[in-house]
Amino acid sequence: MNHTAIFPGSFDPITLGHVQIIKESLKLFNTVIIGIGINDNKKYMFNLDERIALIQSVFKSNKHIIIKPYSQLTIKLCVETNAKYIVRGLRDIRDFNYELDIALANQVLDHDIQTIFIPTNKKYIHISSSTVKELIRFKGNLEQFVPKEVYSTLVSLNKI
Ligand code: ADP
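A brief look at the structure comes next. All figures in this text were calculated on a predicted structure; none of them were measured in a lab.

Reading guide: rules and limits
- Residues numbered from 1 in each chain as written.
- Predicted model: local features only at pLDDT ≥ 70, side-chain atom pairs only at ≥ 80, totals over all residues.
- Heavy atoms only, no water.
- Pairing = 2+ DSSP bridges.
- Helix = DSSP H or I, 4+ residues; strand = E, 2+ residues; numbered from the N terminus.
- Axes fitted to C-alpha atoms, helices over the stretch in contact; angles between N-to-C directions.
- Contact = heavy atoms within 4.5 Å.
- Buried < 20%, exposed > 50% of the residue type's maximum accessible area, 1.4 Å probe, protein only.
- Right-handed = clockwise from strand over helix to strand, strands pointing away.
- Arc of directions from axis to C-beta.
- Near = heavy atom within 4 Å.
- Polar contact = N/O pair within 3.5 Å; in protein donor to acceptor, adjacent residues only side chain to side chain.
- Areas by Shrake-Rupley, 256 points an atom, 1.4 Å probe, with all protein chains shown as cover.
- Nonpolar A, V, L, I, M, F, W, Y, C, P; charged D, E, K, R; others polar.

## Describing the sheet that holds strand β1 (residues 4-9)
- Taken together, 5 strands build an open sheet; the order of strands is β3-β2-β1-β4-β5 and the sheet is parallel. Edge positions in the open sheet fall to β3 (65-70) and β5 (114-119), since each of these has one partner strand only. Taking each pair of neighbouring strands and ignoring which way they run, the sheet shows an average axis angle of 30°.
- In the sheet, β1 pairs with strand β4 (residues 85-90) via 2 bridges, with the strands oriented parallel. Bridging from a neighbouring strand, Ala-5 pairs with Tyr-85 of β4.
- Running over the sheet, helix α3 (residues 74-81) touches β1, β2 (31-37), β3 and β4 and is turned about 150° from β1.

## Thoughts on the pairing of β4
- Counting buried residues along β4, 5 of its 6 residues qualify, which places the element largely inside the surrounding structure.
- With 6 bridges joining them, β4 and β5 adopt parallel strand pairing. Within the sheet, the bridge partner assigned to Ile-86 lies in β5 and is Thr-115.
- Handedness of the β4-helix α4 (residues 93-109)-β5 crossover: right-handed.

## Comments concerning α3
- Among the residues of α3, those classed as buried are Thr-74, Ile-75, Leu-77 and Cys-78. Mapping the buried residues of α3 onto a view down its axis gives an arc of 155°, with all of them on the same face. For α3, the exposed residues set more than 90 degrees away from the buried face come down to Val-79 and Glu-80.
- Buried residues belonging to α3 abut β1, β2, β3, β4 and α4.

## Quick look at the site of the ligand
- Taken together, 17 residues lie near the ligand, and Ser-10, Gly-89, Thr-120, Tyr-124 and Ile-127 sit nearest.
- In the model, an oxygen atom of the ligand is placed 3.2 Å from a nitrogen or oxygen of the Lys-42 side chain.
- Within the side chain of Thr-120, an N or O atom sits 2.9 Å from a nitrogen atom of the ligand.
- Protein coverage of the free-state accessible area of the ligand, which is 560 Å², stands at 88%.
- Tallied by class, residues from the shell around the ligand come to 6 nonpolar, 6 polar and 5 charged.

By themselves, these observations are geometric and do not establish any function.
Have a look at this one:
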């Protein structure tokens, strides 16, 4: 499809689960905008520059991927970037309940924009950014949670 989709999230930090969803999205869409949410009410482990550097370490200069920080409603970012689709990943029924609420609210706000749900690969079902942060805090093994490029960047940023 010659379309643009936004994959919004905190990416604090990007994980193997996110990367899988982005790769699947690239099979469906010509351009995927990774929308990095900036929310003053949220506490992040990684600042914006670090979150960007971690994402860039995985996708280098893939011309089908655009990294875009934003601090507004996702549908506003869609309108600004002419993206008609929002991609979200689903791990379980909790993700589904949460994501369906947001997707329906977005439908009410702008019915031109559709949310596409992509199920996780079952080997990544256990992965969340929160778990990764706990592993970083308590020096657990990150191998099965983040791509090797992210691991190396975390080392170079002196985070692990
Ligand atoms: P948010 O702060 O919006 O929850 P996240 O960075 O945690 O942002 O997640 C962004 C998106 O990635 C969400 O759609 C989430 O469901 C999806 N996601 C996170 N981890 C996984 C995973 N292991 N498998 C599939 N999708 C995932």
